[in-house]
Amino acid sequence: MTRAINLRIGAGLVLVLTVAALLSLVWTPYDYTVLSVTQKFRPPSADHWLGTDQLGRDVVSLLMAASVNSLAVAFISVGIGGSIGTALGLTASAFGGWVETVIMRVADLGFAFPALLFAIMLAAAFGPSLTNAILAIAFINVPIFTRVARGAANQIWTRDYVLAGRAAGASQFSLTIDHVLPNISATLIVQATIEFAVAILAEAALSYLGLGAQPPMPSWGRMLNEAQTLMYLAPQLAIYPGLCIIAAVLGFGLLGDGLRDISDPRLARARA
Amino acid sequence: MIEAENISVAFGEAEALRRVSLSLRPGERLGLVGESGSGKSMLGLALMGMLPEAAQMTGRLAIDGHDLSRATDNEWRDMRARKVAMIFQEPMMALNPLRRVGDTVMEPLRLHLGLSKSDARRRALELFEETGIQEPEEKLRQYPHELSGGQRQRVLIALALACDPGILIADEPTTALDAHVALRITDLLTRLARDRGMVLVFISHDLAAVARTVETVAVMYGGEIVEKGPVAQVLSDPRHPYTKGLLHARPTITGGELRKRLPMIPGNVPALADLPHGCRFSGRCSVELPQCAEVRPALLGIGGLRACACHHVPEVVE
């Protein structure tokens, strides 16, 4: 089954990441908040699998704790942005006419905002914080889900079972909840998985710029930033979080792609 | 009870229905026949208030005495299910693949009649039994893909009947079904209309199914009713040239031998935008008179309960 290869690799990476994140909530090899001057810049060893950083913290523990941050930010921001976007897209599709035009044009406007720029704007206005980073990432997800939900919903509205529901006296609202939403959920889940990858990358970028997770909260992006000045001294400190980001983005990206192939077999065959 | 007077439906310049009048009393069963594009489905949708948004309807339409000529969406939603319901051509497509069919049928019961979940379930079970669904208890819990075409159509009939509508519009309900399943469905529709005293509007191009199901038939062409009357009389003694052509185009076995080639009506149904000014059938008619292309024949009584719109068929005043 080579066809599902991207799904398998993606699911595997996501699984490892999720397990590591959940595990870090109850157990990490070392307490990553404890600093130790004597232990700094240790090479990988049996005690410290990936060594220690400039403050003597265990890198494995830091990476594990940071994964929680990445996943939580991605989950919350895609959740918020996806819900609002989906609701807007369904509304546009259900009403049509000028309502649809207005919503979709506003969504187009939302696409014009680069996420980073928007986050910098938020940070400038309200100060840099993880909450603002989440809001910024959620914001860029809104127009994406508006478009996807509206496009998929418009197709469902033409189905005979919607017609039959209407003939049985159902309102636009109950048709949307009972028929349209369940039938576009596969599309939405695929989109959400892909946006997860984007959100993880965005969180890393914002944290790298100091606009996301604030110290002492561990974050891959911030670890990259801190390692930057030590590039010649300890390049591995930049490489580890970088690899984690790659693994997470690749994992969710492949998983989303794989899910899409399953939900739309025609697409998979066309691509193969 | 349906009273429709001079219903016209237009898409801009193009007229999809032109001055169609109908009057149906409880228990009456009307067949609408005609080729694709003759306006029969459009008439069905007009009676449901479910015309496409681009369509403009004029004329008077009343259901059970309620004037619906200018009804809003909300008024129509109230009418649907309670007064007038519809079943569709493709039972495969008309059920949400992700919902148990029981939930689909229970929805209008809960929505319109405000029944509790257990009452709605009981009622859905009764409806399944009434529509002849085997093992109804089990079927309630199944998804559309687990049912056969005939069973799905029965589920859709149960859905349509959920709120005891006085009118059922069946838009080609048997076209997608096997012949023997189709027979059972038409018999079911006939029985339901009779038992419930329900108006049945049966839209089909299958003349045999129509003959079996309805009492009155209206033959449609180019958005107009061209001939109307008791089904046995119209089918055995057609008066309008179009009806004659339609009947001739059926495969029949004569002298124990299937005719090799079916006779057909020359030409195609013209597009809505370029229908002829006079009789809509002019240009394809085999007995065309000079005035046919210019003067539109009115639907006139021709004796008994019959009516015909043709310059060849003289009006009979009784």
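Residues numbered from 1 in each chain as written. Chains lettered and ligands numbered in written order. Predicted model: local features only at pLDDT ≥ 70, side-chain atom pairs only at ≥ 80, totals over all residues.

K.L.:
Just give me the short version of the overall build of chain A, but keep the residues and values in it.
P.N.:
Looking only at helices and strands, chain A features 10 helices and zero strands. The helix and strand sequence of chain A, counted from the amino end, reads α-α-α-α-α-α-α-α-α-α. (Helix = DSSP H or I, 4+ residues; strand = E, 2+ residues; numbered from the N terminus.)

K.L.:
I'd like to hear about the overall build of chain B, residue by residue, with values.
P.N.:
For chain B, the count of helices and strands is 10 helices and 14 strands. Relative to the 2.2 N^0.38 estimate, which gives 20 Å for 318 residues, the radius of gyration of chain B is 20 Å and therefore close to what a compact globule would have. For the C-alpha atoms alone, the extent of chain B along its principal axes is close to 65 × 55 × 35 Å. For chain B, the residues scored as buried account for 45% of the 318 residues in total. (Rg over C-alpha atoms; globule rule 2.2 N^0.38 Å. Buried ≥ 20, exposed ≤ 12 C-beta atoms within 10 Å, placed from the backbone.)

K.L.:
Go over the domain arrangement of chain B, please, and point to the residues and values.
P.N.:
All names here are of chain B. Splitting chain B by domain gives domain 1 (1-83 + 165-250) and domain 2 (96-162). Spacing between the C-alpha centres of domain 1 and domain 2 amounts to 25 Å. Taken together, the 12 residues of domain 1 in the interface contact 11 residues of domain 2. At the level of secondary structure, the elements contributing two or more residues to the side of domain 1 that touches domain 2 comprise helix H2 (73-82) and helix H7 (179-196). In terms of residue count, the dominant contributor to the side of domain 1 that touches domain 2 is H7 (five residues). Taken together, the residues that form the side of domain 1 that touches domain 2 break down as 10 nonpolar, no polar and two charged. (Domains from an automatic or database assignment. Contact = placed C-beta atoms within 7 Å. Nonpolar A, V, L, I, M, F, W, Y, C, P; charged D, E, K, R; others polar.)

K.L.:
Give a description of the interface of chain B and chain A that names residues and reports values.
P.N.:
Facing the 24 residues of chain B at the interface are 16 residues of chain A. Within the residue set of the side of chain B that touches chain A, elements represented by two or more residues are H2, strand E6 (84-87), helix H3 (101-112) and helix H6 (149-161) of chain B. Residues of the side of chain B that touches chain A, tallied by class, amount to 16 nonpolar, two polar and six charged.

K.L.:
Residues and numbers for the sheet that holds strand E10 (residues 224-230) of chain B, please.
P.N.:
Residue and element names in this part refer to chain B. One open sheet holds the eight strands; their spatial order is E6-E7-E8-E3-E9-E10-E14-E13, and the pairing between them is mixed. On the outer flanks of this sheet lie E6 and strand E13 (300-301), each paired with one strand and no other. Examined bridge by bridge, strand E7 (residues 167-171) and strand E8 (residues 199-203) share five bridges and lie parallel to one another. When the sheet's bridge partners are listed, Ile169 is paired in E8 with Val201. Sheet strands touched by helix H10 (residues 241-248): strand E9 (216-221) and E10. Its angle to E9, the strand with the most contacts, is close to 100°. (Pairing = 2+ DSSP bridges. Axes fitted to C-alpha atoms, helices over the stretch in contact; angles between N-to-C directions.)

K.L.:
Mind laying out unusual backbone geometry, listing which residues take part and the relevant values?
P.N.:
All names here are of chain B. Positive phi is not limited to glycine here, since Glu135 has a value of about 45°. In this model, Asp164 sits at a positive phi of 50°, which is unusual for a non-glycine residue. Tracing the backbone through its elements, the reader meets Asp164 in the loop between H6 and E7.

K.L.:
Any details on H10 of chain B? Residues and values, ideally.
P.N.:
Every buried residue of H10 of chain B is accounted for by Pro241, Tyr242, Thr243 and Leu246 of chain B. Residues of H10 of chain B that are buried make contact with E9, E10 and helix H9 (231-236) of chain B.

K.L.:
If you had to explain the pairing of E9 of chain B to someone new, which residues and values would you point to?
P.N.:
Regular strands place side chains that alternate from one sheet face to the opposite one. All names here are of chain B. Extensive coverage of E9 is indicated by the burial of five of its six residues. Across four bridges, the pairing between strand E3 (residues 29-33) and E9 is parallel. The residue bridging Gly31 from the neighbouring strand is Val217, located in E9. Here E9 folds back onto E10 in antiparallel fashion, the turn holding two residues, of which Gly222 has a positive phi close to 55°.

K.L.:
Account for the confidence of the model for chain B, naming residues and giving values.
P.N.:
Overall, the predicted model of chain B reaches an average pLDDT of 88, with 97% of residues at or above 70. No element of chain B has a lower mean pLDDT than strand E12 (residues 257-258) of chain B, which averages 61, and none a higher one than E8 of chain B, which averages 95. (pLDDT = per-residue confidence, 0-100.)

K.L.:
Kindly report on the UniProt feature "transmembrane region" (unreviewed entry) in chain A, identifying the contributing residues and their values.
P.N.:
Under the UniProt annotation, the feature "transmembrane region" (unreviewed entry) is placed at residues 7-27, 71-99, 106-126, 132-149, 188-211 and 231-256 of chain A. Each end of residues 231-256 of chain A is marked by a C-alpha atom, and these two atoms are 34 Å apart; helix forms 81% of the span and strand 0%. (UniProt positions renumbered as here; feature names shortened; annotations may be inferred.)

K.L.:
Please give an account of the environment of Ala298 of chain B that cites residues and values.
P.N.:
Within the secondary structure layout, Ala298 of chain B lies in the loop between E12 and E13. Classification of Ala298 of chain B by C-beta neighbours within 10 Å gives exposed; the count is 12.

K.L.:
Mind laying out the nonpolar core, listing which residues take part and the relevant values?
P.N.:
Within the largest apolar cluster, 162 residues are counted, with the highest numbers of intra-cluster contacts made by Ile200 of chain A together with Leu156, Ala160, Val201 and Val219 of chain B. Counting the residues that make up this core, at least three belong to each of domain 1 (1-83 + 165-250) and domain 2 (96-162) of chain B. (Core = buried A, V, L, I, M, F, W, Y, C linked by C-beta atoms within 7 Å.)

K.L.:
Describe the UniProt feature "domain: ABC transporter" (unreviewed entry) in chain B, with residues and values.
P.N.:
According to UniProt, the positions carrying the feature "domain: ABC transporter" (unreviewed entry) are residues 2-247 of chain B. In this annotation, residues 2-247 of chain B is assigned 41% helix and 26% strand; the end-to-end C-alpha distance for the span is 28 Å.

K.L.:
I'd love a proper account of H3 of chain B, names of residues and values included.
P.N.:
For an α-helix, the turn length of 3.6 residues means that residues three or four places apart are oriented alike. With 12 residues, H3 of chain B extends 18 Å between its outermost C-alpha atoms, agreeing within 8% with the 16 Å of an ideal straight helix rising 1.5 Å per residue. Judged by how many residues are buried, H3 of chain B sits mostly within the fold: nine of 12 residues are covered. For H3 of chain B, every residue scored as buried is listed here: Val101, Gly102, Thr104, Val105, Met106, Glu107, Pro108, Leu109 and Leu111 of chain B. Where the residues of H3 of chain B are buried, they touch helix H7 (172-208) of chain A together with H2, helix H4 (117-130), helix H5 (136-140) and H6 of chain B. Gly114 of chain B, located one to two residues past H3 of chain B, shows a positive phi value of around 65°. (Expected span 1.5 Å × (residues − 1).)

K.L.:
Lay out the sheet that holds strand E4 (residues 56-63) of chain B with the relevant residues and their values.
P.N.:
Taken in spatial order, the four strands make up an open sheet running E2-E1-E4-E5 (chain B), and their pairing is antiparallel. Strand pairing shows two members of the sheet lacking a second neighbour, strand E2 (14-24) and strand E5 (66-67) of chain B, which therefore form its edges.

K.L.:
Explain the packing of H3 of chain B against H6 of chain B residue by residue, including any values.
P.N.:
Residues and elements named next belong to chain B. Here H3 crosses H6 at 20°, and the two axes come no closer than 8 Å. Judged on the interaxial angle alone, H6 and H3 are roughly parallel. Along this stretch, H3 crosses H6, giving a crossing that reads as right-handed. Taken together, the residues of H6 that come into contact with H3 (itself represented by Val101, Thr104 and Val105) are Val155, Ala158 and Leu159. (Parallel < 35°, antiparallel > 145°, perpendicular 65-115°, else oblique. Left-handed = near helix turned anticlockwise from the far one by under 90°.)

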